[in-house]
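Coordinates in review
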Amino acid sequence: MTAVQPALQLSDMAVAYHDVLALSHVDLAVKPGTIMGVVGPNGAGKSTLIKGSLGLVPPLHGDVRFFGERLDDVRERVGYLPQHSSVDWDFPATVSDVALMGTFSAKRWWARTTAADRDAAARALDQVGLTELAHRQIGELSGGQRQRAFLARVLAHKADLYFMDEPFAGVDIASQETITRVLHELRAEGATIVVVHHDLASIPNLCDEVALIDGTVVASGPLEEVFTRDLIDRTYGLAQVDL
């Protein structure tokens with residue numbers, strides 16, 4: 001029987017910002033069709049793990065594979081939702097424009113938008129409950145609506161592996177529930193999701209597996225094996241963390 005390739009495989013990856021080492025000796029395998037939460041204290045390297053994987057911050061060394069391949073060979077299968085704070089909310093784009101951006105690709109950036117692209121964007125907006133706001137400028141949205149608009153952009157890409165960096169940051173309860181529902185729907189369709197998340201209490205409801213990060217991978221795997229009091233406390237350097 002042929003072994004199933006991990007959706008993401010990191011081997012001895014190290015990442016630095018200028019002269020400051022942010023991550024070292026990172027080994028991580030993410031199973032296809034799972035939601036893996038990336039959890040750890042502030043400054044632990046959670047966002048850096050995503051950026052290093054995607055080459056947004058080039059790793060110092062190590063091997064990164066997506067479905068057993070280099071990123072350049074499977075880029076169309078990978079989607080990325082950056083942190084809320086990295087977006088220019090004054091950019092003159094509508095909610096529909098943002099969703100449509102998800103259909104663009106580096107291989108056809110010059111091509112015209114097609115009816116299929118517009119349909120994909122419309123379906124993504126419907127998934128996140130923003131159809132009625134499609135023509136509103138993104139700067140006019142609430143925090144939760146903005147995050148859902150950029151989630152729609154990622155959904156329109158129709159990826160097999162999604163990286164999401166703090167998708168729940170600054171959103172209201174309704175948007176939290178919408179985002180959670182969408183991530184579970186993606187998983188049910190066979191997609192893999194790597195999500196940086198800070199709310200420990202909601203991890204069991206959101207994720208199948210977890211990677212505990214503190215400058216390296218402290219532990220990773222199924223919740224019942226890794227999301228334990230001992231390993232969480234070790235990761236956060238505390239005597240006790242309330243779950």
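Just above, that's the structure.
We now turn to the structure provided with this report. Only a predicted model underlies this, so the values are computations on that prediction, with no experimental measurement involved.

Turning to the overall build of the protein chain, a few remarks are in order. Of the regular secondary structure elements, the protein chain holds nine helices and nine strands. Relative to a compact globule of 243 residues, whose C-alpha radius of gyration would be 18 Å, the protein chain shows 18 Å and is just as compact. Overall, the protein chain is about 50 × 45 × 40 Å in size when its C-alpha atoms are taken along their principal axes. Within the protein chain, contacts between residues at least 6 apart in sequence are counted, and of these 68% link residues at least 24 apart. In the structure as shown, the protein chain presents an accessible area of about 11,900 Å², 50% of it carried by carbon and sulfur atoms. Side-chain charges in the protein chain split into 21 positive and 32 negative, and the spacing between the mean points of these groups amounts to 6 Å.

The next subject is the environment of Val 218. Of note, Val 218 is situated in strand 9 (residues 217-222). On the basis of relative accessibility, which here comes to 28%, the residue Val 218 falls in the partly exposed class. Each C-alpha atom, one on Val 218 and one on Pro 41, is 12 Å from the other, the two residues being 177 residues apart in sequence. The residues contacting Val 218, other than those within four sequence positions of it, are Leu 212, Arg 234 and Thr 235.

With that settled, consider the sheet that holds strand 2 (residues 20-30). With antiparallel pairing, the three strands of this open sheet are ordered in space as 2-1-4. Among the strands making up the open sheet, the edge pair consists of strand 2 and strand 4 (61-66). Taken over all neighbouring pairs, the strand axes of this sheet differ in orientation by 25° on average, direction set aside. Note: strand 1 (residues 8-17) against strand 2, seven bridges, orientation antiparallel.

Let us look at the packing of helix 5 (residues 143-156) against helix 6 (residues 173-188). For the pair helix 5 and helix 6, interaxial distance at closest approach is 10 Å and the crossing angle is 15°. Considering their axes alone, helix 5 and helix 6 lie roughly parallel with respect to each other. The way helix 5 lies across helix 6 gives a crossing that is left-handed. Of helix 6, the residues touching helix 5 (which contributes Gly 144, Gln 145, Gln 147, Arg 148, Leu 151 and Leu 155) are Ser 175, Thr 178, Ile 179, Val 182 and Leu 186. In terms of residue class, the contact of helix 5 with helix 6 is built from five nonpolar, five polar and one charged.

Moving on, we get to the sheet that holds strand 3 (residues 35-39). One open sheet holds the six strands; their spatial order is 5-6-7-3-8-9, and the pairing between them is mixed. With partners counted over all chains shown, the strands left at the sheet margins are strand 5 (78-81) and strand 9, one partner each. Sheet twist, expressed as the mean angle between neighbouring strand axes with direction ignored, is 15°. Bridge analysis of strand 5 against strand 6 (residues 161-165) gives four bridges, and the strand direction is parallel. Within strand 6, the position partnered with Gly 79 by the bridge is Tyr 162. Helix-sheet contacts for helix 5 involve strand 5 and strand 6, and the interaxial angle to strand 5 is about 175°.

Conventions adopted
Residues numbered from 1 in each chain as written. Predicted model: local features only at pLDDT ≥ 70, side-chain atom pairs only at ≥ 80, totals over all residues. Heavy atoms only, no water. Helix = DSSP H or I, 4+ residues; strand = E, 2+ residues; numbered from the N terminus. Rg over C-alpha atoms; globule rule 2.2 N^0.38 Å. Contact = heavy atoms within 4.5 Å. Areas by Shrake-Rupley, 256 points an atom, 1.4 Å probe, with all protein chains shown as cover. Lys, Arg positive; Asp, Glu negative; His and termini not counted. Charge placed at Lys NZ, Arg CZ, Asp CG, Glu CD. Buried < 20%, exposed > 50% of the residue type's maximum accessible area, 1.4 Å probe, protein only. Pairing = 2+ DSSP bridges. Axes fitted to C-alpha atoms, helices over the stretch in contact; angles between N-to-C directions. Parallel < 35°, antiparallel > 145°, perpendicular 65-115°, else oblique. Left-handed = near helix turned anticlockwise from the far one by under 90°. Nonpolar A, V, L, I, M, F, W, Y, C, P; charged D, E, K, R; others polar.

Function cannot be inferred from these measures alone, as they are strictly geometric.
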